[in-house]
Amino acid sequence: MYVVKSPLSDENLKTVSEALQGALVDLVDLSLVAKQIHWNVVGQRFRSVHLQLDEVVTLARRHTDTVAERAAALGVSPDGRAATVAVGSGIGVTPEGWVDDTAAVGAMVDALGAVIARMRERVDATGEADPVSQDLLIAVTGDLEKQHWMFQAENG
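Residues numbered from 1 in each chain as written. Predicted model: local features only at pLDDT ≥ 70, side-chain atom pairs only at ≥ 80, totals over all residues. Heavy atoms only, no water.

Under the annotation held in an unreviewed UniProt entry, the protein carries the name Dps family protein and is attributed to Streptomyces incanus. According to its UniProt record, the protein has this under Sequence similarities (unreviewed entry): "Belongs to the Dps family." (UniProt positions renumbered as here; feature names shortened; annotations may be inferred.)

What follows is the structure, encoded as structure tokens:
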């Protein structure tokens, strides 16, 4: 059932809806991963890493809403349910229990790298299908790449 009629062709809508849904899932999981590590980070750099992780959570949640609302604007129902995120995310396993600051930073570098790689694929896929959605995904990717850089610099 389509409540909102998309201006895109069926073929382009399929491409864009898959890209937006995938981005939504990765962003929801990224926010969860960053918050999990945030709660469990320990070590000499605890405070700075703890605060930096919250920046990622805020960024991911903001972009999650933007991506979901773009999908809805195109007539596609966004799906951010836990079960959907669990099976669709491209992020690997998050460390369990206490995580020392160096390992926490490394886990975030890996998580951000995985999401960025998938975002870049989505940017490529949506270029012709819907430049508006592509522009949104470019902005998301740019923000994620900034965080990726900052976390990489944290461990030197």
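K.L.:
Please clarify how the UniProt feature "domain: Ferritin/DPS" (unreviewed entry) in the protein should be interpreted in this entry.
P.N.:
Mapped onto this numbering, the UniProt entry gives "domain: Ferritin/DPS" (unreviewed entry) at residues 18-153. Along residues 18-153, the helical share is 79% and the strand share 3%, with 33 Å between the first and last C-alpha atoms. (Helix = DSSP H or I, 4+ residues; strand = E, 2+ residues; numbered from the N terminus.)

K.L.:
In this structure, what is going on with empty space enclosed by the protein? I would like to understand it.
P.N.:
As enumerated under the stated definition, the model contains 1 cavity of 30 Å³ or more in all. Taken as a whole, the largest cavity encloses approximately 30 Å³ of empty space. Taken together, Ser-17, Leu-20, Gln-21, Leu-24, Val-67, Ala-68, Ala-71, Val-76, Ser-77 and Pro-78 make up the lining of the largest cavity. Residue assignment for the lining of the largest cavity shows that the elements contributing at least two residues are helix H1 (10-40) and helix H2 (46-73). Per-element accounting of the lining of the largest cavity gives the leading share, 4 residues, to H1. The residue inventory of the lining of the largest cavity, partitioned by class, reads 7 nonpolar, 3 polar and no charged. (1 Å grid on protein atoms, 1.4 Å probe; cavity = no way out; pocket = protein on both sides within 12 Å on 5 of 7 lines; lining within 4 Å. Points joined across faces, edges and corners; volume = space filled by probe spheres on them. Nonpolar A, V, L, I, M, F, W, Y, C, P; charged D, E, K, R; others polar.)

K.L.:
Just checking my understanding: could you explain the nonpolar core for this structure?
P.N.:
The nonpolar side chains of a soluble globular protein tend to be buried with one another. Counting 46 residues, the largest nonpolar core has Leu-30, Met-108 and Leu-144 as its most contacted members. Secondary-structure elements contributing two or more residues to this core are H1, H2, helix H4 (101-126) and helix H5 (131-155). Top contributing element to this core by residue count: H1, with 13 residues. For Leu-144, the contacting residues outside a window of four places in its chain are Leu-27, Leu-30, Leu-59, Leu-112, Val-115, Ile-116 and Met-119. (Core = buried A, V, L, I, M, F, W, Y, C linked by side-chain atoms within 4.5 Å. Buried < 20%, exposed > 50% of the residue type's maximum accessible area, 1.4 Å probe, protein only. Contact = heavy atoms within 4.5 Å.)

K.L.:
What exactly am I supposed to notice about the pattern of salt bridges here?
P.N.:
It is possible for side chains of opposite charge to pair when their charged atoms get near one another. What the rule picks out here adds up to 10 salt bridges. Between Arg-122 and Asp-26 there is a salt bridge, with its nearest N and O atoms 3.1 Å apart. With Arg-122 in helix H4 and Asp-26 in helix H1, this residue pair connects regions lying 96 residues apart in the sequence. The two residues Arg-122 and Asp-26 agree in class, both being buried. Here Asp-54 ties to Lys-35 by a salt bridge, and the two come within 2.7 Å at their closest N and O atoms. With Asp-54 in helix H2 and Lys-35 in helix H1, the pair connects residues that are 19 residues apart, well separated along the chain. Lys-35 gets classed as buried once you look at its relative accessible area, which sits at 15%. (Salt bridge = Lys/Arg side-chain N within 4 Å of Asp/Glu carboxyl O.)

K.L.:
Looking at this structure, I do not really get the packing of H4 against H5. What am I missing?
P.N.:
Helix-helix packing: each pair is described by the crossing angle between the helix axes and the interaxial distance. Two elements in contact, H4 and H5, have axes separated by 8 Å at closest approach and are oriented at 160°. The angle between the axes of H4 and H5 places the two elements in the roughly antiparallel class. The chirality of how H4 crosses H5 is left-handed. (Axes fitted to C-alpha atoms, helices over the stretch in contact; angles between N-to-C directions. Parallel < 35°, antiparallel > 145°, perpendicular 65-115°, else oblique. Left-handed = near helix turned anticlockwise from the far one by under 90°.)

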